[in-house]
Amino acid sequence: MDAPTTTSADNGTSGGGGGWFTPRKNPTTSPESRPGTADGRRPAVIRPVGTSRPAPDVPEDGMSEPPASSPGGANADGPDSVRESPNEIPTSTRSAAQHDPSHAFSRQAAASSPGPAPTALTPAPFASTVAAPPSAAPEPRVPSQRHAPASSSAPAATAPGEAASPDALLIRRAMAEVAPVSDKVTSYFYALLFVRHPDLRSLFPAAMDTQRDRLLRALLTAAEHIDDKNVLVDYLQNLGRGHRKYGTRAEHYPAVGECLIGALSKYAAEVWSPEMEAAWVRAYTTISQVMIDAAAADELRAPAWWYAEIVTHELRTPDVAVVTVRSDQPYPFLAGQYTSLETPWWPRIWRHYSFASAPRSDGLLSFHVKAVPAGWVSNALVHRARPGDIIRLGPPAGSMTVDHTTASGLLCLGGGTGIAPIKALIEDVAEHGDRRPVEVFYGARTDHDLYDIDTMLRLQQIHPWLSVRAIIDQQAHQQLPDAIRAYGPWNEFDAYLSGPPGMIRSGVDALRDLGIPSDRIRHDSVEELVAAGN
């Protein structure tokens, strides 16, 4: 797809002076590499279009959102894995043709892409308008390594050693102003979005109680980190690639930005100014530019999603299952990464799960899933899914991968189902023929929760360089991060953490206290962007 793009700043951290979505050169591609329609035609180049109209009236409480019934009750949604879904922004594949003339938002539209060609793994519940790109085998996404932040007390939005930019200061001032009324800001933001762009509503989950916080939190957090491009760009690139599965297109971004500015200007009225609005426009233009470019580049080499059939379903405990699937196309990933899953029972609700093995020769993919209270997806996968059911997979993501250019040991902390990617890392080291030491601390609240300890102990018997220690909170009277203090030294090890966000935060602190440099601490926490700034 020839995606329209915005003007990027020279330094990559602030939007340029060209305003919203000034088209610039797209990613370079050859004519043969551009995706076409099913009948061989190529999609038309997207060009800016738009009309102006007065902004509709929106009630102050933001309750003008079209009603949507929730299949599971008002609070039915909840976190479904140790990798709770990042802040995702599902939007419609149809363009929103109108905008608020009070802001400099250019609108763009394009011809709709055809849906994916039916296959044996294409079930009716997954009807969609997003096109599947050509079926050439996609190249593996090789991520940059995600490191822990240098200091847990550093200023929130500025790279180490650098003063905050004027835009960052204005953005933080607005955020401080709206923080006490964040619920009202969120409600008003969605009210604006759904009233001005009602075609976007159908692409969001029916129950908005969980999703309503994610979109705005993602935008605000990314804007707050606008000065720290090393953290921000990688995060947004993954987000942009992942949003392809929703049918997000370049012309949808101005709609979201328009409503973001509208909500902020209303609730930060005491401090709002033309300079502050310009800072937010530049920040959001930068954010959207990175995501658009990443999605456009990814479209040339990988599908937006994969269908996968469940081939085995093993219940390890009453609330933990190991689910193994076979995808309908080759699925390239790296050990330590994760993906998003959607089930046919809860359309448009995606949750993130880590791969529980390194890439296999038979192409099978395994996940460890723990059913959590009110977790729609996790409960469906644990208690309802059976062999033969079809799910959808988003693209692989994550940077908690092994650096095979070094001989450093691996210190791995896995809590609960966070042991899944740790197991994948062990297999990856073994397959590369390395004999580097790997020290695993497997944490759980009770011995009942050590559902994969037998597998880990078998791996320890096979590989003399591997050591596995189980840390049970109720027996040891200490939590996993504290246990590593009794062992070591760890100065020659790279650290990997996977588990609940609280465990990761305390684990990073403990590892720093033991002298492990921040650039050798790796994890993919759902709060990694926030943690990187803190």
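Residues numbered from 1 in each chain as written. Predicted model: local features only at pLDDT ≥ 70, side-chain atom pairs only at ≥ 80, totals over all residues. Heavy atoms only, no water.

Further remarks concern the overall build of the protein chain. The secondary structure content of the protein chain amounts to 13 helices and 15 strands. Expressed as a percentage of the 534 residues in the protein chain, the buried residues total 56%. Of the contacts made within the protein chain by residues no fewer than 6 positions apart, 80% connect residues no fewer than 24 positions apart. For the protein chain, the exposed area adds up to about 21500 Å²; of that, 53% sits on carbon and sulfur atoms. (Helix = DSSP H or I, 4+ residues; strand = E, 2+ residues; numbered from the N terminus. Buried < 20%, exposed > 50% of the residue type's maximum accessible area, 1.4 Å probe, protein only. Contact = heavy atoms within 4.5 Å. Areas by Shrake-Rupley, 256 points an atom, 1.4 Å probe, with all protein chains shown as cover.)

The biggest cluster of nonpolar side chains holds 47 residues, and the ones touching the most others in it are Phe189, Leu193, Leu236, Leu260, Trp272 and Trp280. Elements represented by at least two residues in this core include exactly helix 1 (166-178), helix 2 (182-196), helix 3 (211-224), helix 4 (229-242), helix 5 (253-267) and helix 6 (274-299). The contact partners of leucine 193, leaving out residues within four places of it in the chain, are Pro198, Leu200, Phe204, Ala255, Val256 and Cys259. Val323, Trp345, Phe355 and Trp376 belong to the second-largest nonpolar core, a separate cluster that totals 27 residues. (Core = buried A, V, L, I, M, F, W, Y, C linked by side-chain atoms within 4.5 Å.)

What follows deals with the pairing of strand 8 (residues 350-354). Remark: a regular strand shows side chains that alternate across the two faces of the sheet. Buried residues dominate strand 8, accounting for 5 of its 5 residues. The alternating pattern of strand 8 places Trp350, His352 and Ser354 and Arg351 and Tyr353 on opposite faces, both of which are buried. Bridge count for strand 7 (residues 338-342) against strand 8 is 5 bridges, and the pairing is antiparallel. Its bridge partner lying in strand 8, serine 340 is registered against histidine 352. (Pairing = 2+ DSSP bridges.)

What follows is about the packing of aromatic side chains. In the structure shown here, the tally under the stated rule is 14 aromatic pairs. Here phenylalanine 189 and tyrosine 190 contribute two aromatic rings whose centre-to-centre distance is 5.2 Å and whose plane-to-plane angle is 75 degrees, an arrangement assigned as edge-to-face. A residue is classified by how much of its surface remains accessible, and tyrosine 190, at 0% relative accessible area, is buried. Ring centres of tryptophan 346 and tryptophan 376 lie 4.5 Å apart, and the angle between their planes is 25 degrees; this geometry places the pair in the stacked category. Placement of the pair is tryptophan 346 in the loop between strand 7 and strand 8 and tryptophan 376 in helix 7 (residues 376-384), with a sequence separation of 30 residues. We classify tryptophan 346 as buried; its relative accessible area is 18%. Between arginine 201 and the ring centre of phenylalanine 194, over which it is positioned, the NZ or CZ distance is 5.1 Å. (Phe/Tyr/Trp six-rings, centres within 6.5 Å; stacked < 30°, edge-to-face > 60°. Lys NZ or Arg CZ within 6 Å of the ring centre and 35° of its normal.)

Once that is clear, we can look at the sheet that holds strand 14 (residues 493-498). Overall, parallel pairing links the 5 strands, which are arranged 13-12-11-14-15 in an open sheet. Strands with a single pairing partner mark the edges of an open sheet, and in this sheet they are strand 13 (466-472) and strand 15 (521-523). Taken pair by pair, the neighbouring strands of this sheet meet at an average axis angle of 15 degrees, ignoring direction. The strands touched by helix 12 (residues 501-513) are strand 11 (409-415), strand 14 and strand 15; relative to strand 14, the strand with the most contacts, the crossing angle is about 165 degrees. (Axes fitted to C-alpha atoms, helices over the stretch in contact; angles between N-to-C directions.)

Moving on, we come to the sheet that holds strand 8. Spatial strand order, 8-7-10-5-6-9: 6 strands in an open sheet with antiparallel pairing. With partners counted over all chains shown, the strands left at the sheet margins are strand 8 and strand 9 (364-370), one partner each. Each strand axis lies, on average, 40 degrees off the axis of its neighbour in the sheet, ignoring direction. Where strand 6 (residues 320-327) meets strand 9, 7 bridges bridge the pair, whose relative direction is antiparallel. Its bridge partner being in strand 9, valine 320 is matched across the sheet by lysine 370. Across the face of the sheet, helix 7 comes into contact with strand 5 (306-317), strand 6, strand 7, strand 8, strand 9 and strand 10 (390-393) while running at roughly 115 degrees to strand 9.

A few words on the environment of leucine 260. Along the polypeptide, leucine 260 turns up in helix 5. The exposure class of leucine 260 is buried, given its relative accessible area of 2%. In sequence terms leucine 260 and valine 185 are 75 residues apart; their C-alpha atoms lie 9.0 Å from each other. Here leucine 260 is in contact with Phe189, Leu216, Leu219, Leu220, Trp280 and Tyr284, once residues within four sequence places are set aside.

So, about helix 7. Buried residues of helix 7: Trp376, Val377, Ser378, Ala380, Leu381 and Val382, and no others. Tucked into the core, helix 7 has its buried residues touching strand 5, strand 6, strand 7, strand 8, strand 9 and strand 10.

Our focus in this paragraph is the confidence of the model for the protein chain. For the protein chain, mean pLDDT is 74; residues scoring 70 or higher make up 65% of the total. Low pLDDT, under 50, characterises residues 1-56; the stretch is placed with 121 contacts to residues that sit more than four places away or in other chains. Note that residues 142-157 has pLDDT below 50 and, in this model, 57 contacts with residues that lie over four places away or in other chains. (pLDDT = per-residue confidence, 0-100.)

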